[in-house]
Amino acid sequence: MKTIHLLTLAAAITTIPTLLAKPIPTPTPFKAIDVLANGIYSPTIKYAKGALVSYNGNTFLALAKLAAGVPTSNTNSWAPFITSSSFDTNSLTNPLIASAIAGALGLDDYNVAIGLYAGQTNQDLGAVAVGGYAGQANQASHAIALGWAAGLTNQGLNSIAIGYNAGYTAQAQNSVAIGVGASEISQGSNSVAIGGIAGYASQGSNSVAVGASAGKMMQGQNAVAIGASAGFNNQHSNSIVINATGNELNAAAAGTYVKPIRTTNSSAGLLPMYYNSATGEIFVILPN
């Protein structure tokens, strides 16, 4: 059985009115109360279990996952938490409130939201959001967002975003973005971006970008970019770019691009390389 110590939490509750009054707070050190504050009540928002909202000078706590439009006057769905600027001591013994707070802290085995506005709106079951604004809006089932604003909006089913602004918006299902700004804008389904701003904008589906700025802008579908700035801009679909030059290496057409290639003045011991266009195999033929 999981236990949450409400007496410890109650000491921080008195800061809620000030916290709720800030429309878009700047990053601050983590506080226990950050996982609960959800701003001023709005009838257009679906609230997660354990959400705290302010309304007419009072603060209410959602006792369950609520559809949009459920008013704070509905005592089966909301419980008074702070009234007339004073903490409601009934909150310490009410099992429904204890359960709701446990849900907000990710202790109910359904989803996890830890951090200011993490998983705030429409976080689905099985999702994990850790960090300020992580998975803030429309985080799909079994998605994981770790880091400030990771998976901020519309993170897809089973996707993973780790790092500041990773998978920031429109990360499609079954995708992975790891690194600061990795696949920050519109990552295609089943794609992978690993490295600072790898796959940064409009990464195509089924593509792979590994390395700082690899596949950074508009990487095509089924493309592979390995190395810093490999396939940096408009990498063609169905192309492979392997780059170790330290500069951009782009692919304007489908094919394989590799730089650098070592040069030599001697052919001693070297064998010619062949390519089988039917199977895609690269090979050499050994002498008899």
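Residues numbered from 1 in each chain as written. Predicted model: local features only at pLDDT ≥ 70, side-chain atom pairs only at ≥ 80, totals over all residues. Heavy atoms only, no water.

Novice: Honestly, the overall build of the chain in this entry has me stumped. Any pointers?
Specialist: Per the secondary structure count, the chain includes three helices and 20 strands. Surface exposure of the chain reaches about 14,400 Å², of which carbon and sulfur atoms provide 60%. (Helix = DSSP H or I, 4+ residues; strand = E, 2+ residues; numbered from the N terminus. Areas by Shrake-Rupley, 256 points an atom, 1.4 Å probe, with all protein chains shown as cover.)

Novice: Which parts of the structure should I look at to understand the sheet that holds strand β14 (residues 201-203)?
Specialist: Pairing between sheet strands relies on hydrogen bonds along the backbone, with the strands arranged either parallel or antiparallel. In space, the three strands of this open sheet follow the order β10-β12-β14, with parallel pairing throughout. Looking at the sheet topology across the chains shown, the edges are occupied by β10 (169-171) and β14. Ignoring strand direction, the axes of neighbouring strands in this sheet form an average angle of 5 degrees. Note: strand β12 (residues 185-187) against β14, two bridges, orientation parallel. Within β14, the residue paired with Ile185 across the bridge is Ala201. (Pairing = 2+ DSSP bridges. Axes fitted to C-alpha atoms, helices over the stretch in contact; angles between N-to-C directions.)

Novice: Please clarify how a nonpolar patch on the surface should be interpreted in this entry.
Specialist: A surface patch of nonpolar side chains, about 770 Å² in accessible area, is lined by Val130, Leu146, Ile162, Ile178, Ile194, Val210, Ile226, Ile240, Ile242, Val258 and Ile261. Mapped onto the elements of the fold, Ile194 is located in strand β13 (residues 192-194). (Patch = residues over 30% accessible without salt bridge, like charges linked within 9 Å, V, L, I, M, F, W, Y side chains within 5 Å. Salt bridge = Lys/Arg side-chain N within 4 Å of Asp/Glu carboxyl O.)

Novice: Explanation requested: the sheet that holds strand β17 (residues 239-243) in the structure shown.
Specialist: Reading across the sheet, the ten strands line up as β6-β7-β8-β9-β11-β13-β15-β16-β17-β18 and stay open at both edges, with parallel pairing between neighbours. Whereas interior strands pair on both sides, the edge strands pair on one side only; in this sheet they are β6 (112-114) and β18 (255-259). Geometrically, the sheet is characterised by an average inter-axis angle of 5 degrees between neighbouring strands, direction not taken into account. In this structure, strand β15 (residues 208-210) lies alongside strand β16 (residues 224-226), joined through three bridges in parallel fashion. Looking at the pairing, Ala209 lines up with Ala225 of β16.

Novice: What exactly am I supposed to notice about the pairing of strand β19 (residues 273-276) here?
Specialist: As defined by bridge partners, β19 adjoins strand β20 (residues 281-284) across four bridges and the pair is classed as antiparallel. When the sheet's bridge partners are listed, Asn276 is paired in β20 with Glu281. Connecting β19 to the next strand, β20, in antiparallel fashion are four residues, including Gly280 with a positive phi near 80 degrees.

Novice: Mind showing me how you'd approach the side chain of Ser42 here?
Specialist: Take Ser42: it is sitting in the loop between β1 (37-40) and β2 (52-55). Polar side-chain contacts of Ser42 include one of 2.8 Å to the side chain of Thr44. (Polar contact = N/O pair within 3.5 Å; in protein donor to acceptor, adjacent residues only side chain to side chain.)

Novice: When you look at unusual backbone geometry in this model, what are you seeing that I'm missing?
Specialist: Most peptide bonds take the trans configuration, and most residues that are not glycine carry a negative phi. That bond from Lys259 to Pro260 is cis: its omega, -5 degrees, falls within 30 degrees of zero. A positive phi angle is found at Tyr117, which is not glycine, with a value near 60 degrees. Locating Tyr117 in the fold gives a position in the loop between β6 and β7 (128-130). Relative accessible area serves as the criterion here: at 7%, Tyr117 is assigned to the buried category. (Buried < 20%, exposed > 50% of the residue type's maximum accessible area, 1.4 Å probe, protein only.)

Novice: Which parts of the structure should I look at to understand the confidence of the model for the chain?
Specialist: Per-residue confidence for the chain gives a mean pLDDT of 83, with 78% of residues at or over 70. Counting interchain partners and residues more than four positions distant, the pLDDT-below-50 stretch residues 1-35 has 60 contacts. (pLDDT = per-residue confidence, 0-100. Contact = heavy atoms within 4.5 Å.)

Novice: Would you explain the side chain of Gln235 in this entry?
Specialist: Relative to the helices and strands, Gln235 is located in the loop between β16 and β17. A distance of 3.0 Å separates polar atoms of two side chains, one belonging to Gln235 and the other to Gln219. Not counting the four nearest positions on each side in its chain, Gln235 is found in contact with Met217, Met218, Gln219, Gly220, Ala223, Val224, Ala225, Ile240, Val241 and Ala251.

Novice: Sorry if this is basic, but what is going on with the packing of aromatic side chains here?
Specialist: The geometry of two aromatic rings is summed up by the distance between their centres and the angle between their planes. Across all of its chains, the model carries seven aromatic pairs by this definition. Centre to centre, the rings of Tyr117 and Tyr133 are 5.4 Å apart; their planes meet at 35 degrees, and the pair counts as tilted. Of this pair, Tyr117 sits in the loop between β6 and β7 while Tyr133 sits in the loop between β7 and β8 (144-146), and the two are 16 residues apart along the sequence. Take Tyr117 and Tyr133: they sit in the same class, and that class is buried. (Phe/Tyr/Trp six-rings, centres within 6.5 Å; stacked < 30°, edge-to-face > 60°.)

Novice: I would appreciate a short explanation of the environment of Lys46 in the present structure.
Specialist: Tracing the backbone through its elements, the reader meets Lys46 in the loop between β1 and β2. A relative accessible area of 45% places Lys46 in the partly exposed class. Separated by 23 residues in the primary sequence, Lys46 and Gly69 place their C-alpha atoms 7.7 Å from one another. Once residues lying within four places of it in the same chain are set aside, the contact partners of Lys46 are Leu66, Ala67, Ala68, Gln120, Thr121 and Asn122.

Novice: Explain the environment of Val284 here, please?
Specialist: Summarising the element assignment, Val284 is placed in strand β20. Expressed as a C-alpha distance, the spacing of Val284 and Tyr274, which sit ten residues apart in the sequence, is 5.9 Å. Ignoring sequence-local partners within four residues, the contact set of Val284 consists of Leu271, Pro272 and Met273.

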